[in-house]
Amino acid sequence: MSRVLVTPRSLTSGPVHPELERLTAAGHELVFSAEGRVPSAEELQALIPGCAAWLAGVEVIDRATMQVATDLRVIARHGVGLDTVDLDAARDLGIPVVPSTGSNAEGVAELVVLHALTLRRPARGGALIDDPAAWKRTRGSELQGRTAAVIGYGAIGSRAAHLLGAFDMAIRVYDPFAQPSGGHEAAPTVLDAVRGADLVTLHCPPSERPVIGAAELAAMAGGATLINTARGSLVDVDAVLAALESGHLGGYGCDAYVTEPPAAHALWAHPGVFATPHLGGFTAESVQRSVGMAVDVILDALVTP
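Definitions and limits used
Residues numbered from 1 in each chain as written. Predicted model: local features only at pLDDT ≥ 70, side-chain atom pairs only at ≥ 80, totals over all residues. Heavy atoms only, no water. Helix = DSSP H or I, 4+ residues; strand = E, 2+ residues; numbered from the N terminus. Rg over C-alpha atoms; globule rule 2.2 N^0.38 Å. Contact = heavy atoms within 4.5 Å. Areas by Shrake-Rupley, 256 points an atom, 1.4 Å probe, with all protein chains shown as cover. Lys, Arg positive; Asp, Glu negative; His and termini not counted. Charge placed at Lys NZ, Arg CZ, Asp CG, Glu CD. Pairing = 2+ DSSP bridges. Axes fitted to C-alpha atoms, helices over the stretch in contact; angles between N-to-C directions. Core = buried A, V, L, I, M, F, W, Y, C linked by side-chain atoms within 4.5 Å. Buried < 20%, exposed > 50% of the residue type's maximum accessible area, 1.4 Å probe, protein only. Polar contact = N/O pair within 3.5 Å; in protein donor to acceptor, adjacent residues only side chain to side chain. Right-handed = clockwise from strand over helix to strand, strands pointing away.

Caption draft 1: Quick peek at the overall build of the protein chain. When helices and strands are tallied, the protein chain shows 10 helices and 12 strands. Over its C-alpha trace the protein chain gives a radius of gyration of 21 Å, about what one expects of a compact globule, namely 19 Å for 305 residues. Projecting the C-alpha coordinates of the protein chain onto the three principal axes gives extents of approximately 60 × 50 × 35 Å. A separation of at least 24 residues holds for 60% of the contacts in the protein chain among residues at least 6 apart in sequence. Approximately 14600 Å² of the protein chain is accessible, and the part contributed by carbon and sulfur atoms is 55%. Here the protein chain holds 21 positive side-chain charges and 33 negative ones, and the gap between their average locations is 6 Å.

See the structure below:
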């Protein structure tokens, strides 16, 4: 039958994921990249020849790699973002690229709530009984009655808006391609959406310039919380650090970075930052949905004449 390249970090370490067994049951051979890490371009170009399908992760998929993939019939992305894929090259070479749209929406949306609560109710975990010095209270602030700005209203953004709305927050949305529902208010621009907002959460694709810079930060309510679980390039990290240091921004929650691990920057050491290692969609349920969707795409492509 056919060979299938598997490169997501979560699928190249540990036992074979049960969803992948559907490929072997159909007679296909699995080809794994290096265990538990993102493969380099050189590694990909050595592995992809002879493969008819690619279950891809966050690695860069450029034109040079696709040009040596002469047998490739489909790239099924384990996840939703396609910004690491040269889509022009894929189109030129006739290779369909299919994301697992919506598979990680619940995992990422729930992480937004975790970031929001963690930043607005700062707490130190630990053995309070064994360490009396840890017995310190820090006054927090509640979400109820405040305003959340949701930038991007796709599967993840709309779900995050729904969960934040359960705290009786007013929801204001900016998305030029989607109309908010459920009583959520539409804003004509990002600046209008974030103006006076107590919490801002980002769920949009990358752009040529940061979506959140000095002007947008200044427009937020004093002590606001900014959460980025989408793409590192969406925020101006220097502007975020300045806003934290001035006290205008109350906290920054981040789960997405320009490079992973992120490049050294003073922002990551600031006490107002809650940073997680890109784990929004890394839940058992999100992985199950995403791998299942990708396997469905591959099975369909490999039985199509």
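Caption draft 2: Representation of the sheet that holds strand 6 (residues 147-151). Strands sit in the order 8-7-6-9-10-11-12 across an open sheet of seven strands; the sheet is parallel. Each end of this open sheet is capped by a strand with a single partner; those strands are strand 8 (185-186) and strand 12 (273-275). The sheet strands contacting helix 5 (residues 105-120) are strand 9 (199-202), strand 10 (224-228), strand 11 (249-254) and strand 12, and the helix crosses strand 10 at an angle near 145°. Running at roughly 140° to strand 11, helix 9 (residues 237-246) makes contact with strand 10, strand 11 and strand 12 of the sheet.

Caption draft 3: The arrangement of the sheet that holds strand 2 (residues 29-32) in detail. The five strands lie next to each other as 2-1-3-4-5, forming an open sheet whose pairing is parallel. Here the strands that pair on one side only, and so sit at the sheet edges, are strand 2 and strand 5 (97-99). Sheet twist, expressed as the mean angle between neighbouring strand axes with direction ignored, is 20°.

Caption draft 4: Structural view of the nonpolar core. Ile212, Leu226 and Tyr252 are the most contacted members of the largest nonpolar core, which has 31 residues in total. Taken together, the elements giving at least two residues each to this core come down to strand 6, helix 7 (190-194), strand 9, helix 8 (214-219), strand 10, helix 9 and strand 11. Examining the composition of this core, we find that five residues originate from one element, helix 9, more than from any other. In this view, leucine 226 contacts Val200, Leu202, Ile212, Leu217, Met220, Val235, Val240, Leu249, Gly251, Tyr252 and Gly253; residues no more than four positions away in its chain are not counted. The next biggest cluster of nonpolar side chains, apart from the first, holds 19 residues, and it includes Leu23, Ala53, Ala76 and Val295.

Caption draft 5: Representation of the side chain of histidine 28 in the model. Relative to the assigned elements, histidine 28 resides in the loop between helix 1 (21-25) and strand 2. In this structure the side chain of histidine 28 is engaged in a polar contact, spanning 3.4 Å, whose partner is the backbone nitrogen of serine 2. The residues touching histidine 28, leaving out its near neighbours within four places in the chain, are Met1, Ser2, Val4, Leu23, Leu299 and Leu302.

Caption draft 6: Spotlight on the side chain of histidine 17. Mapped onto the elements of the fold, histidine 17 is located in the loop between strand 1 (3-6) and helix 1. The exposure class of histidine 17 is buried, given its relative accessible area of 14%. When sequence neighbours within four positions are dropped, the list of residues in contact with histidine 17 reads Leu11, Val287, Gln288 and Val291.

Caption draft 7: Up close: the pairing of strand 9. Going residue by residue along strand 9, you find Leu199 and Thr201 tucked away on one face and Val200 and Leu202 tucked away on the opposite face as well. Bridge count for strand 6 against strand 9 is four bridges, and the pairing is parallel. Looking across to strand 9, one finds that alanine 149 is bridged to valine 200. For the crossover from strand 9 across helix 8 to strand 10, the handedness is right-handed.

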